[in-house]
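Fold and contact review
In case you want the letters, here they are:
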Amino acid sequence: MTGQAAFPKIGLALGGGGARGLAHIPVLEAFDDLGIKPYKIAGTSIGSIIGAGYASGRSGEDLRRIVLDLFADNNKVLNRLWQLRPKRFKDVFRAGPVQFDPLKVLNVFVSEYLPDTFDDLQIPLRVLATDFYGCEEVDFETGPLLPAIAASISIPAVFRPVRHQGRFLIDGGVVNPLPFDGLRSQCDIVVAVDVVGAPVARTNPADISTLDSLFGSSQILMQTITSQKIKMDQPDILIRPQNGNIRILDFLKAESILDSSESLRALTRTKLTKLLNTSMEIT
């Protein structure tokens, strides 16, 4: 299929889920296979990073190559992580876990692949974060790109909140883990990719670490939010990968995640083709 003008406007929602969000990439490759681009993308957390990369004009194959290059070499990853170490010795011994600066993480890992502002993107993008004290969703569609993404990925206990215009912002998945709802008014077709999944199974309660408990609880809450949203309005296409034993921060398993989610490419291609053909017959 070629020639975007003949097609309905497609909105693409990329949900949060940490390393599991690398499964978004085969879905983007399906769009490329069909020669079409979303009219608008909405992304939460890891979905905002992948969405920004795609909205910048990179193909799904480009993003796959970047991800594999970033995480293929453990030494490279350790070198990047070393740049994120606490600068003050006393921070190493502070109470509780050391929280990373999310903007610095983006600068170290992905800034070279992303433009500076939303205006530089080829596809309109909406990035979602959460106002910690305001207890509400915060959307970004204009201005500097990396600070918006930094707010969207600020997973509690891992990243420090991002201060923006007097507010403290954290991970967008806290209030909207699958942001397909805002696309309905602007797009004819809405495609949503839900990568949250369930907590990683353990056979012994003693094997469930503090972080496992924290992330697992967050996943349950995110699933609950998404389930309630779907009861009110469903995306036209909902894609859900099999997450297996992938933890939220298992980015070193990038190749395995991409391999295990490869079937999403054909599934998305089939569903999109069928829906587009039906839609065009009606119009």
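The coordinates are above.
Below is a summary of the structure that appears in this document. Keep in mind that this is a model prediction, so the values were computed, not measured.

Some points on the overall build of the protein chain
Secondary structure assignment for the protein chain yields nine helices and eight strands. Taken along the three principal axes of its C-alpha coordinates, the protein chain extends 65 × 45 × 40 Å. The burial tally for the protein chain puts 48% of its 283 residues in the buried class. Considering only contacts within the protein chain whose residues lie at least 6 apart along the sequence, 78% involve residues at least 24 apart. Of the charged side chains in the protein chain, 30 are positive and 31 negative, and the gap between their average positions amounts to 5 Å.

Observations concerning the pairing of strand E1 (residues 10-14)
Among the five residues that make up E1, five are buried, leaving the element largely enclosed by the rest of the structure. Taking every second residue as pointing to the same face, both faces of E1 are buried, with Ile10, Leu12 and Leu14 on one and Gly11 and Ala13 on the other. Of the pairings in the sheet, the one linking E1 to strand E7 (residues 189-193) comprises five bridges and is parallel in character. In the sheet register, alanine 13 faces E7, and the bridge partner there is alanine 192.

So, helix H5 (residues 102-109)
Turning to H5, its buried residues number three or more, namely Pro102, Val105, Leu106, Val108 and Phe109. End-on, the buried residues of H5 take up no more than an arc of 165°, which puts them together on one face. Looking at the buried residues of H5, the elements they touch are helix H2 (46-55), helix H3 (60-71), helix H4 (74-82), helix H6 (145-152) and strand E5 (162-164).

Observations regarding the environment of threonine 278
If you trace the backbone, threonine 278 turns up in helix H9 (residues 263-282). From its side chain, threonine 278 meets the backbone oxygen of lysine 274 in a polar contact 2.9 Å long.

Brief notes about the nonpolar core
Phe31, Leu125, Phe140, Ile149 and Leu272 are the most contacted members of the largest nonpolar core, which has 69 residues in total. With sequence-adjacent residues up to four places away left out, leucine 272 is seen in contact with Ile10, Phe31, Leu34, Ile36, Val191 and Ile237. Ranked by size, the runner-up nonpolar core spans nine residues in total, among them Ala42, Leu183, Cys187 and Ile230.

As for the side chain of aspartate 194
By the secondary structure assignment, aspartate 194 is in the loop between E7 and helix H7 (210-232). What makes aspartate 194 buried here is its relative accessible area of 8%. A distance of 2.9 Å separates polar atoms of two side chains, one belonging to aspartate 194 and the other to arginine 240.

As for the packing of aromatic side chains
Aromatic ring pairs are defined here through the distance separating the ring centres and the angle between the ring planes. Applying the stated criterion to the full structure yields four aromatic pairs. Ring centres of phenylalanine 71 and phenylalanine 251 lie 5.5 Å apart, and the angle between their planes is 25°; this geometry places the pair in the stacked category. Here phenylalanine 251 lies in the loop between strand E8 (237-239) and helix H8 (254-260) and phenylalanine 71 lies in helix H3, a separation of 180 residues in the sequence. The class for phenylalanine 71 is buried, based on a relative accessible area of 14%. Look at phenylalanine 251 and you get partly exposed, because its relative accessible area is 21%. With a centroid separation of 5.0 Å and an interplanar angle of 80°, the aromatic rings of phenylalanine 132 and tyrosine 133 are classed as edge-to-face. Residue phenylalanine 132 is classed as partly exposed on the basis of its relative accessible area of 44%. The positively charged end of lysine 229 is found above the aromatic ring belonging to phenylalanine 180, 4.6 Å away from the centroid.

Observations regarding the pattern of salt bridges
Applying the stated criterion to the full structure yields 22 salt bridges. The salt bridge involving arginine 65 is made with aspartate 62; its shortest N-O contact spans 2.6 Å. A residue pair is termed a helical-turn pair when its members lie 3 or 4 positions apart in one helix, as arginine 65 and aspartate 62 do in helix H3 at three residues. Between arginine 126 and aspartate 139 there is a salt bridge whose closest N-O contact spans 3.2 Å. With a gap of 13 residues between them, arginine 126 in strand E3 (residues 125-131) and aspartate 139 in strand E4 (residues 136-140) connect regions that are remote in the sequence. For arginine 126, a relative accessible area of 5% puts it in the buried group. Using a relative accessible area of 38% as the deciding quantity, one classes aspartate 139 as partly exposed.

Points about the pairing of E4
In this sheet, E4 lies alongside E3 in antiparallel orientation, the contact comprising five bridges. Bridge pairing in E4 links aspartate 131 to glutamate 136. Here E3 hands over to E4 after four residues, with cysteine 135 in that stretch at a positive phi of 55°.

Points about the environment of isoleucine 225
Secondary-structure assignment places isoleucine 225 in helix H7. C-alpha separation for the pair isoleucine 225 and glycine 173, spaced 52 residues apart in sequence, amounts to 9.3 Å. In this structure isoleucine 225 touches Gly173, Val174, Val175 and Pro177, once residues within four positions along its chain are discounted.

The rules behind the values
- Residues numbered from 1 in each chain as written.
- Predicted model: local features only at pLDDT ≥ 70, side-chain atom pairs only at ≥ 80, totals over all residues.
- Heavy atoms only, no water.
- Helix = DSSP H or I, 4+ residues; strand = E, 2+ residues; numbered from the N terminus.
- Buried < 20%, exposed > 50% of the residue type's maximum accessible area, 1.4 Å probe, protein only.
- Contact = heavy atoms within 4.5 Å.
- Lys, Arg positive; Asp, Glu negative; His and termini not counted.
- Charge placed at Lys NZ, Arg CZ, Asp CG, Glu CD.
- Pairing = 2+ DSSP bridges.
- Arc of directions from axis to C-beta.
- Polar contact = N/O pair within 3.5 Å; in protein donor to acceptor, adjacent residues only side chain to side chain.
- Core = buried A, V, L, I, M, F, W, Y, C linked by side-chain atoms within 4.5 Å.
- Phe/Tyr/Trp six-rings, centres within 6.5 Å; stacked < 30°, edge-to-face > 60°.
- Lys NZ or Arg CZ within 6 Å of the ring centre and 35° of its normal.
- Salt bridge = Lys/Arg side-chain N within 4 Å of Asp/Glu carboxyl O.

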